[in-house]
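# Notes for the structure review
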Amino acid sequence: AAPTRVFAFRDARWAPDPVLEPGAAVRSPQPAPLVIDNGSFQTRAGWACPDPAVPAEPLLRFRSLAARSRGARGGAGAETQVGNDLGSPEPLRWLLRSPFDRNVPVQLELQELLLDHVFQRLGVSSQGCVDHPIVLTEAVCNPLYSRQMMSELLFECYQVPKVSYGVDSLYSFYHNRRQSWPCSGLVISSGYQCTHILPVLEGRLDAKNCKRINLGGCQAAVYLQRLLQLKYPGHFAAITLSRMEEILHEHSYIAQDYIEELQKWRCPEYYENNVHKMQLPFSNKLLGSTVASEEKQEKRQQQLRRLQELNARRREEKLQLDQERLDRLLYVQELLEDGQMDQFHKALVELNMDSAEELQSYINKLSLSVEQTKQKILQSEVNTEVDVVDSKPETPDLDPLGSEQSLEDVESINEFEPLFAEEQPEVEKPVAAVQPVFNLAEYHQLFLGTERIRAPEIVFQPSLIGEDQAGIAETMQYVLERYSKEQQAILVQNVFLTGGNMMYPGLKARIQKELLEMRPFQSSFQVSLASSPVLDAWYGARDWAVEYMNREEGWISRKDYEEKGGEYLKEHCASNVYVPIRLPKQAPRAAEAPSRASGTGNPSEQA
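Please read these numbers as outputs of a predicted model, since none were measured by experiment.

### Comments concerning the overall build of the protein chain
For the protein chain, the count of helices and strands is 21 helices and 20 strands. In the protein chain, which comprises 607 residues, the share counted as buried stands at 43%. Sequence separation of at least 24 residues holds for 71% of the intrachain contacts in the protein chain that already meet a minimum separation of 6. Carbon and sulfur atoms provide 51% of the accessible area of the protein chain, an area that totals close to 33400 Å².

### Quick look at the packing of aromatic side chains
Applying the stated criterion to the full structure yields 12 aromatic pairs. Ring centres of Trp538 and Tyr539 lie 5.8 Å apart, and the angle between their planes is 75°; on these two criteria the pair is classed as edge-to-face. Of the two residues, Trp538 and Tyr539, neither departs from the other in class, the shared state being buried. Note on Trp544 and Trp555: the rings are 5.4 Å apart at their centroids and 45° apart in plane angle, and the pair reads as tilted. Taken together, the positions of Trp544 in helix α18 (residues 536-547) and Trp555 in the loop between α18 and β20 (556-557) put the pair 11 residues apart, joining distant regions of the chain. Taken together, the ring pairs in this structure connect Phe173, Tyr174, Trp181 and Phe496 into an aromatic cluster. Residue placement shows Arg63 over the ring face of Tyr192; its charged tip is 5.8 Å from the ring centre.

### A word on unusual backbone geometry
In this model, Ser28 is joined to Pro29 through a cis peptide bond whose omega is 5°. With respect to the element layout, Pro29 can be found in the loop between β1 (6-8) and β2 (34-38). The phi torsion at Gln159 lies on the positive side, around 55°, for a residue other than glycine. With respect to the helices and strands, Gln159 occurs in the loop between α2 (144-157) and β11 (162-167). Unlike most non-glycine residues, Asn352 shows phi in positive territory, near 60°. As for its placement among the helices and strands, Asn352 is situated in the loop between α9 (341-350) and α10 (356-382).

### As for the sheet that holds strand β6 (residues 80-82)
Reading across from one edge, β6-β5-β7 is the order of the 3 strands in this open sheet, with antiparallel pairing throughout. Strand pairing shows two members of the sheet lacking a second neighbour, β6 and β7 (96-97), which therefore form its edges. Of the pairings in the sheet, the one linking strand β5 (residues 66-68) to β6 comprises 3 bridges and is antiparallel in character. Bridging from a neighbouring strand, Arg68 pairs with Thr80 of β6. Across the sheet, helix α1 (residues 108-121) touches β5, β6 and β7, and the angle it forms with β6 is around 65°.

### Regarding the confidence of the model for the protein chain
Close inspection of predicted coordinates is inappropriate for parts of the model with low pLDDT. The predicted model of the protein chain has a mean per-residue pLDDT of 84, with 83% of residues at 70 or higher. Element-level mean pLDDT values for the protein chain span from 41 in helix α21 (residues 603-606) up to 97 in strand β18 (residues 495-498). In this model, residues 384-434 is a region of pLDDT below 50 whose contacts with residues beyond four sequence positions or in other chains number 65 contacts. Under a pLDDT of 50 for its full length, residues 599-607 has, in the predicted model, 2 contacts with residues more than four places off or in other chains.

### Observations concerning the pattern of salt bridges
Taken as a whole and judged by the stated rule, the model has 25 salt bridges. The salt bridge involving Arg147 is made with Glu138; its shortest N-O contact spans 3.1 Å. Residue class for Arg147 comes out buried when judged on its relative accessible area of 2%. For Glu138, a relative accessible area of 9% gives the class buried. With its nearest N and O atoms 3.9 Å apart, the salt bridge here joins Arg204 to Glu553. Of this pair, Arg204 sits in strand β14 (residues 204-205) while Glu553 sits in the loop between α18 and β20, placing them 349 residues apart in sequence. Salt bridges linked by common partners bring Arg178, Arg542, Asp543 and Glu547 together as one network.

### Considering the sheet that holds strand β17 (residues 445-448)
Here 3 strands make up an open sheet; going across it, the order is β1-β16-β17 and the pairing mixed. The open sheet has two free edges, formed respectively by β1 and β17, since each of these has just one partner strand. Strand-to-strand twist in this sheet, taken as the mean axis angle between neighbours without regard to direction, amounts to 30°. For strand β16 (residues 276-279) and β17, the ladder comprises 4 bridges, and the chain directions are antiparallel. What sits directly across from Lys277, in β17, is Phe447. Seen against the sheet, helix α5 (residues 241-251) touches β1, β16 and β17 and runs at an angle of roughly 145° to β16.

### Here we look at the packing of helix α15 (residues 472-480) against helix α17 (residues 507-518)
In contact at an axis separation of 10 Å, α15 and α17 are set at 45° when each is read in the N-to-C sense. Taken as axis vectors, α15 and α17 run oblique relative to one another. Handedness of the crossing formed by α15 with α17: right-handed. Residues Ile472, Ala473, Met476, Gln477 and Leu480 of α15 form the contact with α17, whose own contacting residues are Ile511, Glu514, Leu515 and Met518. The class makeup of the residues in the contact of α15 with α17 is 7 nonpolar, 1 polar and 1 charged.

Criteria and thresholds
Positions within a chain are numbered from 1, following the residues in the order the chain's sequence is written. The predicted origin of the model limits local features to residues at a pLDDT of at least 70 and limits the giving and counting of side-chain atom pairs to 80 or more, whereas totals for whole chains, interfaces and linings rest on all residues. Excluded from the side-chain calculation are hydrogens and water; included are all heavy atoms of the structure. Helix numbers and strand numbers start at the N terminus; a helix is a DSSP run of H or I with at least 4 residues, a strand a run of E with at least 2. Exposure categories follow from relative accessible area, calculated using a 1.4 Å probe and restricted to protein chains: below 20% of the type maximum is buried, above 50% is exposed, and the middle band is partly exposed. Any two residues whose heavy atoms approach within 4.5 Å at even a single point are treated as in contact. Using a 1.4 Å probe, accessible areas were evaluated by the Shrake-Rupley method; residue-level cover was limited to the displayed protein chains. Put simply, two rings from Phe, Tyr or Trp (the six-membered ring, in Trp's case) pair if the centres are within 6.5 Å, and we call them stacked under 30 degrees between planes, edge-to-face over 60, tilted for the rest. A ring is considered to have a charge above it if a Lys NZ or an Arg CZ atom is located within 6 Å of its centre and within 35 degrees of its normal. Strand pairing is defined by DSSP finding a minimum of two bridges between the two strands. Lines fitted to C-alpha atoms define the axes here, with helix axes fitted over just the stretch in contact, and angles between the N-to-C directions of these axes take values from 0 to 180 degrees. Per-residue confidence from the predictor is reported as pLDDT, a score between 0 and 100. Here, a salt bridge means any Lys or Arg side-chain nitrogen found within 4 Å of an Asp or Glu carboxyl oxygen. In this scheme, roughly parallel covers angles under 35 degrees and roughly antiparallel covers those over 145, while 65 to 115 is roughly perpendicular and the rest are oblique. For a crossing to be left-handed, the near helix must be turned anticlockwise from the far one by less than a right angle; the clockwise case is right-handed. Lys, Arg, Asp and Glu make up the charged group, whereas Ala, Val, Leu, Ile, Met, Phe, Trp, Tyr, Cys and Pro make up the nonpolar group; the residues left over, Gly among them, are polar.

Here it is as structure tokens:
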């Protein structure tokens, strides 16, 4: 028998980050560098201090998101929440904002909110400034404008003493290859928004041959959400992005051969053994078999009492209105008997009547109606139990006197017919016979079959979501072909996988299979996965900061910022390549003036 594979969504809520108190080792003998892995999915921050009393791990980990609430009507101002303070992203999905466009920070106002959160929660207590050096990650081949705005924010707003920029995937490569550094290799990094192929030669990035694929974990989550919403339109709102990310992290895998794996899923036995059923939350109150017979009877008695009270209240209101109208008509009749003809005719006009006979007819009808209503009220007071029959044809039997029933009473009973249509006291069925039409728990399950491999496959086949891009295998082959055979052999001996989107089971085997197909016969290669694909970027940045803490290499001082501009970058082993802005030289204005004078001297020669 196939094992039952039913998994419940965790729907974990984020716990707010506490305000930490930095130890004395962070401040003395000199301020320790603050390492910030500024990722588009998650921000990680911590101290780079060789002292064992300071944890060598990121102290803050939160999503790179911010939301500004609208504020209460009572006058309270708008509140901005950042990262884990949001609790859960789904209720605020349409208010969430990120400073990133793809993997490049462009909204510096939001970036400032993230940095404020980091400095506040890490307990940076310096007044008016941040007197710690900053090690910050940036995108591969980061645009100069983005680096310029980031440097301006750090130096002008926070007054930092110095800053260093590095590439997250290169920091991860540095952390895992420190024993043999400098070394060469091919770094494949896949994150939340982008996937990069980075060739590294002798410990330095070869930026000219770097390639980027605009696909990552975000696109996979959106694709999986679209697949499941089309498959289960009845659970459209319950299929959220947060739950799709949970499925990707815990239930998806990379197929070594995608077409062959799809053929396996066509077999019913393979499907039953490998399908994952995700249980959506639901309520048991809809099951008919859960209602006991006593509860049904009590509910019916309550409905009968409410109907009785409603009918009695309507009769009293009707009696009061009819009595007021009858008193008014009797007053007009007294005017006729007293001989006050002018007032009588005037009152007839107000009542829209033509003669005294018509007035007498209305008086007789109202008197009869008032008398009948009084008798009904007296009868209902005597009988504490009112027999209300459920079927519509027997509705007139409610009148104990057998007289003609008023239209209002019939309508009031007809309104409550649906309350008793399902329950017949004479032929009440036993509870055991009431069975639900379908299994409610199974109705609220998402069956994950081929979706487990379709969503992560987009990094190898972007055409699955309509993207006109090359996948990882084609891009990797294109990068390798730009080098000589000797350099290719060196690069493939150290293929390094890092990034949160590289943690799928089977991905390493898939990369090995793709390399085996593109490399020459009997050639060798080596593929390795980072020890911690998510956190190794921060660990590598910390390792670099501790090693280069007292050196000038890689650090941009405030003097460098003021002299060379915000886009300036000091290169190091894990940084981008600095390409300064080269403005075209303009011709001197003094040399242009004589030529203009000679050109405008004789208009006929110009013609």
